[in-house]
Amino acid sequence: MLQHGRFLNLLNFEEELLSSFSKEEQSSFLEAFYSEERRENLDMGDKMSALLISPDKSQALIYWEKANGSYVVIKMKTKITSSHTWYVDGVSILPAK
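Residues numbered from 1 in each chain as written. Predicted model: local features only at pLDDT ≥ 70, side-chain atom pairs only at ≥ 80, totals over all residues. Heavy atoms only, no water.

A.B. asks: Whenever I open this one, the sheet that holds strand β5 (residues 82-94) confuses me. Can you help?
C.D. replies: Whenever strands of a sheet pair, they do so through backbone hydrogen bonds, lying parallel or antiparallel. Spatially, the five strands line up as an open sheet ordered β1-β2-β3-β4-β5, and their pairing is antiparallel. Both outer strands of the open sheet, β1 (6-8) and β5, are each paired with one neighbouring strand and no more. Averaged over all adjacent pairs, the angle separating strand axes in this sheet is 25°, with direction ignored. With three bridges connecting them, β1 and strand β2 (residues 50-53) associate as antiparallel partners. By the bridge assignment for β2, F7 is matched with L52. (Pairing = 2+ DSSP bridges. Helix = DSSP H or I, 4+ residues; strand = E, 2+ residues; numbered from the N terminus. Axes fitted to C-alpha atoms, helices over the stretch in contact; angles between N-to-C directions.)

Written out as structure tokens, the structure is:
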């Protein structure tokens, strides 16, 4: 998965990540980040999410803890044919411990 990835502070991820992308890639990343999958899984009472990005900036994981103790993990990737195009590659719900 994302071996040796880097956690980003979501309050500053625009400075830490998006500023290194082209305008096209920024738009594509934000579209995937604020995807339907994310909106469908966010509820009142959920805790702050985190972002883990791969060293080559071609994969990312967004995850957060739900109010019931389970976790949502959204996997994002860039397309093989275009490193500037991001998409959601899957959603996992990890049960509460």
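On we go from here.
A.B. asks: Looking at this model, I keep getting lost on the packing of aromatic side chains. Mind explaining?
C.D. replies: Aromatic ring pairs are described here by two measures, namely the spacing of the ring centres and the angle between the planes. With the rule as written, the count across this model stands at five aromatic pairs. Ring centres of F29 and F33 lie 6.1 Å apart, and the angle between their planes is 20°; on these two criteria the pair is classed as stacked. In this pair, F29 and F33 both sit in helix α2 (residues 23-33), four residues apart, roughly one turn of the helix. Judged by centre distance (4.7 Å) and plane angle (85°), the rings of F33 and Y34 are edge-to-face. (Phe/Tyr/Trp six-rings, centres within 6.5 Å; stacked < 30°, edge-to-face > 60°.)

A.B. asks: Help me understand the pairing of strand β3 (residues 59-65) in this model?
C.D. replies: The side chains of a regular strand alternate, first on one face of the sheet and then on the other. In this sheet, β3 lies alongside β2 in antiparallel orientation, the contact comprising four bridges. Its bridge partner lying in β3, A50 is registered against Y63. Here β2 folds back onto β3, and the loop between the two strands holds five residues, one of which, K57, carries a positive phi near 60°. Counting the residues in the hairpin turn of β3 and strand β4 (residues 71-79) gives five residues, including G69, whose phi is positive at 95°.

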